[in-house]
Amino acid sequence: MKSNFKIFLKGIIDVSPLMIPVVPFGLIFGVLAIDVGFTPLETMAMSLIIFGGASQIVLLQLFSGGASSLVIISSVGAVNSRHLLYGAVVSEHLSDLKLIWKIIISYFLIDQAFAISNEYLKKNKDHNRYFHLVGGGATCWVIWQSTTFLGIILGAAIPEKLGLSFAVPLTFLALLVNDFRKFINVIVIIISGLVATFGYNYIPFKAYVIVAALAGLFTAMILTKKNKKV
Amino acid sequence: MSNWALILYCGLITYLTRFSMIALIKREMFNDRIREILSFVPSAIFPAIIFPAIFINDMGLIEIDDNPKILAAIIAMIIGIFSRSIIATIFSGLASYWFLIFVV
């Protein structure tokens, strides 16, 4: 049986390649947060308390667009609903753990750590295999906090002309690369994108993220149902 | 609502979505159908952030002509489809955007 530390280290090594895009993402978040009017302390607190790139960027995007708090919070909730899936998938590997470990691991259950540890957890049966997830999550945590901090400091030095805010849609686009190959996903992407773009000015309270996401999920429901009958 | 309250609530809801399934719900409660639908969540939500950020300008209007972001995003998407690499997608998009606004 491998030691806890060895598995923790394996988690760090496995997640490392996925950390490269997190670096510009964190920098951009730090720069943008200051840009839309958060204080450095609030910006750092966002990364520490929320610890989720997508949630934090959505928060900024809607905040700068003047959305109400209720809309921002529910949009963040909608963006996070994918974590329900992650939790459900990894929960079978964590069911024997003490509550305190579940509380700690939940904080580290982020996209990148889930992606690599899900593979590891499926292949290994050691009772301490969850240290892999902690290793991956902790690595992300360190990178995310330090790049946020750097972004806050560099904020003033990065010229607005560079258009770094364009890296936000690019980052989300990059998270979908595998979905562009699947027909139903492409339809869902187009429906959601069109609803958001054309609803941007017409859907009240800036709730376009939620409306578009629901339209996309509804499309997925219909298309997957049809697929099965054929 | 103050910024601090907003940050705390967003943090709370983020944490709860991660914690709830691990702590409270057994895997059996998730049937294949629900799992299938949830697997579409990224495809359903991310475009709602991507599209407006590309097509809508600072004035809040849809901009198709003279918008280098569209071509840059298409290049990034093509690179992404072929490379399946997150890094290559982001950097090819940024590089083509810079090329379009600074060189062309």
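Residues numbered from 1 in each chain as written. Chains lettered and ligands numbered in written order. Predicted model: local features only at pLDDT ≥ 70, side-chain atom pairs only at ≥ 80, totals over all residues.

Enquirer: Outline the overall build of chain B, supporting the account with residue identities and numerical values.
Expert: In terms of helices and strands, chain B carries five helices and zero strands. Mapped from its N terminus to its C terminus, chain B presents α and β elements in the order α-α-α-α-α. On C-alpha atoms alone, chain B measures out to a radius of gyration of 19 Å, which is more than a quarter above the 13 Å that the 2.2 N^0.38 rule sets for 104 residues. Projected onto its principal axes, the C-alpha coordinates of chain B cover approximately 55 × 40 × 25 Å. Out of the 104 residues in chain B, the part that is buried amounts to 38%. (Helix = DSSP H or I, 4+ residues; strand = E, 2+ residues; numbered from the N terminus. Rg over C-alpha atoms; globule rule 2.2 N^0.38 Å. Buried ≥ 20, exposed ≤ 12 C-beta atoms within 10 Å, placed from the backbone.)

Enquirer: Provide a residue-level description of the environment of K206 of chain A, including the pertinent values.
Expert: Residue and element names in this part refer to chain A. Among the structural elements, K206 can be located in the loop between α10 (183-199) and α11 (208-229). Between the C-alpha atom of K206 and that of V71, which follows or precedes it by 135 residues, the distance is 7.0 Å. What K206 contacts, discounting residues up to four positions off in sequence, is L62, G65, A67 and V71. (Contact = placed C-beta atoms within 7 Å.)

Enquirer: For the nonpolar core, give the residues involved together with the corresponding values.
Expert: In terms of nonpolar packing, the biggest core is built from 96 residues, with V58, A113, L173, V209 and A213 of chain A together with A48 of chain B touching the most fellow members. Per-element tally for this core: the top contributor is helix α3 (residues 41-55) of chain B, with 11 residues. Filtering out sequence-adjacent residues up to four positions away, A213 of chain A remains in contact with A78 and S192 of chain A together with A44, I45 and A48 of chain B. (Core = buried A, V, L, I, M, F, W, Y, C linked by C-beta atoms within 7 Å.)

Enquirer: So, unusual backbone geometry: which residues are in play, and what are the values?
Expert: Phi is positive for F51 of chain A, close to 50 degrees, though the residue is something other than glycine. Summarising the element assignment, F51 of chain A is placed in the loop between α3 (40-49) and α4 (53-64). In this structure, D66 of chain B is a non-glycine residue whose phi angle is positive, near 55 degrees. Mapped onto the fold, D66 of chain B is located in the loop between α3 and α4 (68-83).

Enquirer: Before we move on, can you summarise the interface of chain B and chain A with the specific residues and values?
Expert: The partner chain A presents 74 residues to the 61 residues of chain B that form the contact. Within the residue set of the side of chain B that touches chain A, elements represented by two or more residues are α1 (3-23), α2 (32-38), α3, α4 and α5 (86-103) of chain B. Considering every element that reaches the side of chain B that touches chain A, the biggest residue donor is α1 of chain B, with 18 residues.

Enquirer: Go over the environment of M1 of chain B, please, and point to the residues and values.
Expert: Note that M1 of chain B resides in the segment before α1. The contacts of M1 of chain B, once residues within four sequence positions are left out, are S69 of chain A together with L6 of chain B.

Enquirer: Residue-level account of the domain arrangement of chain A, with values.
Expert: Residues and elements named next belong to chain A. Here chain A is partitioned into domain 1 (4-164) and domain 2 (176-230). Using C-alpha coordinates to define each centre, domain 1 is positioned 24 Å away from domain 2. In this complex, domain 1 contributes nine residues to the contact, which on the side of domain 2 involves six residues. When residues of the side of domain 1 that touches domain 2 are assigned to their parent elements, the largest contribution, four residues, is made by helix α5 (residues 69-94). (Domains from an automatic or database assignment.)

Enquirer: Before we move on, can you summarise the environment of H93 of chain A with the specific residues and values?
Expert: By the secondary structure assignment, H93 of chain A is in helix α5. Between the C-alpha atom of H93 of chain A and that of N128 of chain A, which follows or precedes it by 35 residues, the distance is 9.7 Å.

Enquirer: Go over the packing of α4 of chain B against α5 of chain B, please, and point to the residues and values.
Expert: All names here are of chain B. Where α4 contacts α5, the axes come no closer than 8 Å and their chain directions differ by 150 degrees. It follows that α4 is roughly antiparallel to α5 by the angle criterion. When the axes of α4 and α5 are compared, the crossing they make is right-handed. Contact residues: P68, K69, L71, A72, A73, I75, A76, I79, G80 and S83 in α4; A88, T89, S92, G93, S96, Y97, L100 and I101 in α5. Residues belonging to the contact of α4 with α5 are distributed by class as follows: 11 nonpolar, six polar and one charged. (Axes fitted to C-alpha atoms, helices over the stretch in contact; angles between N-to-C directions. Parallel < 35°, antiparallel > 145°, perpendicular 65-115°, else oblique. Left-handed = near helix turned anticlockwise from the far one by under 90°. Nonpolar A, V, L, I, M, F, W, Y, C, P; charged D, E, K, R; others polar.)

Enquirer: Please set out the domain arrangement of chain B residue by residue, giving values where relevant.
Expert: What the domain assignment reports for chain B is domain 1 (1-39) and domain 2 (41-104). Relative placement of domain 1 of chain B and domain 2 of chain B: their C-alpha centres are 29 Å apart.

Enquirer: Quick one: what's the story with the packing of helix α7 (residues 111-123) of chain A against helix α8 (residues 131-154) of chain A, residue by residue and with numbers?
Expert: Residues and elements named next belong to chain A. Remark: α7 packs on α8, axes separated minimally by 9 Å, with the N-to-C direction vectors making an angle of 160 degrees. Looking at the two axes, α7 sits roughly antiparallel to α8. Crossing handedness for the pair α7 and α8: right-handed. Along its contact with α7, which presents Q112, A113, I116, S117, Y120 and L121, the element α8 presents H132, L133, G136, G137 and C140. Looking at side-chain class alone, the contact of α7 with α8 contains six nonpolar, five polar and no charged residues.

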